[in-house]
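# Results of the structural survey
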Amino acid sequence: MYNLLKGKRGIIFGALDSKSIAWKVAERAHEEGAKFVLTNAPVALRLGTISELAKKTGSEVIPADATSIMDLENLVDKAVEALGGKIDFVLHSIGMSVNVRRGNHYTHQDYNFTKTGFDVSALSFHRVMSVLFQRDAMNEWGSIIALSYMAAQRVFPDYNDMADNKAYLESVARSFGYFFGRDKNVRVNTISQSPTPTTAGSGVKGFDGFIGYAEKMSPLGNATAMECADYTISLFSDLTKKVTLQNLFHDGGFSNMGVSTALMENFMKEYDAEKEVIEEPKK
Ligand SMILES: NC(=O)c1ccc[n+]([C@@H]2O[C@H](COP(=O)([O-])OP(=O)(O)OC[C@H]3O[C@@H](n4cnc5c(N)ncnc54)[C@H](O)[C@@H]3O)[C@@H](O)[C@H]2O)c1
């Protein structure tokens with residue numbers, strides 16, 4: 001390893017189990033010499049296996065529901081105290097849609113569920129940054145990252161209201177990132193990651209098709225959770241100090257593709273079969 005985060009202090013949100021992207025980021029940050037606090041919603045701490053990760057990385061776990069300002073204030077204060085100084089990096093790796101969980105179609109949402117999903121998945125990013133900003137808890141040249149998905153720009157019908165949440169998340173990275181850059185020399189970015197088999201990812205309807213399609217479309221194939229962790233580490237490191245206000249695609253090239261030969265070949269097989277049916281003479 002490269003000691004890319006030697007001496008740096010961080011807060012990592014969203015490690016539920018070993019499949020979580022945040023889990024891999026924590027493992028890699030530990031390998032690169034960082035000290036950090038792990039956090040998740042109290043219910044996730046009970047259901048998940050975060051204590052295993054805490055033990056492995058020598059980290060403290062501080063519960064915080066990302067929809068609660070009080071929890072976040074407590075988290076930031078305790079993290080600064082436990083780590084012995086201000087924070088250098090923060091990972092927001094939080095997502096949840098009640099409409100997706102309950103199988104509500106995008107055109108027929110329960111708006112109370114929509115509000116809850118927005119609060120958890122999108123507004124929480126503003127809230128986290130607001131607490132860090134107001135408490136002046138970030139070190140100069142620190143780095144804040146949230147995880148996003150390309151449904152913020154393009155239509156993926158089954159991604160449902162999470163598409164709108166990701167659009168807000170990416171916008172907040174730019175808007176808050178301006179103030180964080182101007183006033184505190186801190187950078188803020190989102191990483192737009194390939195479909196990844198985690199608890200949140202697998203909750204999306206038709207996820208197998210979704211991930212398989214992206215794999216066939218991307219010239220480099222889908223990016224794994226561990227590859228996402230590697231990229232995240234580079235963005236926490238001092239090697240990327242002037243990268244800010246960006247939504248950075250980490251998707252094996254998917255986002256710039258129109259069509260791939262692999263998908264075209266599959267399509268043509270179906271298309272030719274359909275044509276045969278159409279061209280059969282009517283009896
Ligand atoms: N898996 C994918 O295909 C994929 C692709 C692109 C982006 N992402 C994004 O990556 C991030 C991490 O998701 P993941 O795929 O690792 O799944 P995951 O299910 O492992 O992580 C989601 C986390 O959000 C946490 N969370 C939910 N409600 C919370 C709350 N109120 N307060 C604090 N934490 C809360 C969960 O406990 C969980 O740890 C999410 O933002 C997700 O949208 C995932």
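Refer to the structure above for everything that follows.
For the structure given in this document, a descriptive report is provided here. Every value quoted in this text rests on a predicted model; they were computed, and no experiment measured them. (Residues numbered from 1 in each chain as written. Predicted model: local features only at pLDDT ≥ 70, side-chain atom pairs only at ≥ 80, totals over all residues. Heavy atoms only, no water.)

### Points about a nonpolar patch on the surface
- Residues V259, M264, F267, M268 and Y271 make up a contiguous nonpolar surface patch of roughly 440 Å² in combined accessible area.
- Residue placement: F267 occurs in helix 11 (residues 261-279). (Patch = residues over 30% accessible without salt bridge, like charges linked within 9 Å, V, L, I, M, F, W, Y side chains within 5 Å. Areas by Shrake-Rupley, 256 points an atom, 1.4 Å probe, with all protein chains shown as cover. Salt bridge = Lys/Arg side-chain N within 4 Å of Asp/Glu carboxyl O. Helix = DSSP H or I, 4+ residues; strand = E, 2+ residues; numbered from the N terminus.)

### Observations concerning empty space enclosed by the protein
- What the rule picks out here adds up to two cavities of 30 Å³ or more.
- In this structure, the largest cavity encloses a volume near 60 Å³.
- Considering the residues around the largest cavity, the lining is formed by Y149, M150, S192, Q193, S194, P195, A214, N222, D251 and F254.
- Looking at the lining of the largest cavity residue by residue, the class counts come to five nonpolar, four polar and one charged.
- In this model, the second largest cavity occupies a volume close to 30 Å³.
- What lines the second largest cavity is I11, F13, L72, L75, V76, V90, V128, V131 and L132.
- Counting only elements with at least two residues in the lining of the second largest cavity, the list comes to strand 1 (9-13), helix 4 (69-83) and helix 6 (111-134). (1 Å grid on protein atoms, 1.4 Å probe; cavity = no way out; pocket = protein on both sides within 12 Å on 5 of 7 lines; lining within 4 Å. Points joined across faces, edges and corners; volume = space filled by probe spheres on them. Nonpolar A, V, L, I, M, F, W, Y, C, P; charged D, E, K, R; others polar.)

### Digging into the site of the ligand
- Taken together, 27 residues lie near the ligand, and S20, N40, K166, T196 and T198 sit nearest.
- Contacts to the ligand include S20, whose side-chain N or O atom sits 2.6 Å from an oxygen atom.
- Backbone polar atom of T196 to an oxygen atom of the ligand: 2.7 Å apart, as the coordinates give it.
- For the ligand, whose unbound accessible area comes to 820 Å², protein coverage reaches 93%.
- Put simply, the ligand lies in the largest pocket.
- For the shell around the ligand, the secondary-structure elements that each account for two or more residues are strand 5 (138-148) and helix 8 (199-202). (Near = heavy atom within 4 Å. Polar contact = N/O pair within 3.5 Å; in protein donor to acceptor, adjacent residues only side chain to side chain. Sits in = over half its atoms within 2 Å of the grid points.)

### A word on helix 7 (residues 162-184)
- With 23 residues, helix 7 extends 30 Å from end C-alpha to end C-alpha; this agrees with the ideal 33 Å at 1.5 Å per step.
- The principal kink in helix 7, of about 30°, is found at G177.
- Within the sequence span of helix 7, burial applies to M162, A163, N165, K166, L169, E170, V172, A173, F176, G177, F180 and K184.
- Residues of helix 7 that are buried make contact with strand 4 (87-92), helix 6, strand 5, strand 6 (187-193) and strand 7 (247-250).
- Among the residues trailing helix 7, N185 stands out with phi positive, at a value near 55°. (Expected span 1.5 Å × (residues − 1). Bend = angle between axes of the 7 residues up to and from the residue. Buried < 20%, exposed > 50% of the residue type's maximum accessible area, 1.4 Å probe, protein only. Contact = heavy atoms within 4.5 Å.)

### A look at the layout of surface pockets
- Here the largest pocket defines a volume of roughly 1,200 Å³.
- Around the largest pocket, the lining is made up of 42 residues, and of these S93, I94, G95, M96 and A200 lie nearest the centre.
- Listed by contribution, the elements that provide at least two residues to the lining of the largest pocket are helix 1 (21-31), helix 2 (42-47), helix 5 (98-102), strand 5, helix 7, helix 8 and helix 9 (207-217).
- A class-by-class count of the residues in the lining of the largest pocket yields 23 nonpolar, 16 polar and three charged.
- A volume near 180 Å³ is recorded for the second largest pocket.
- Looking at the second largest pocket, the residues that line it are N99, V100, G103, N104, H105, Y106, P157, D158, N160, G203 and K205.
- Residue composition of the lining of the second largest pocket, by class: three nonpolar, six polar and two charged.

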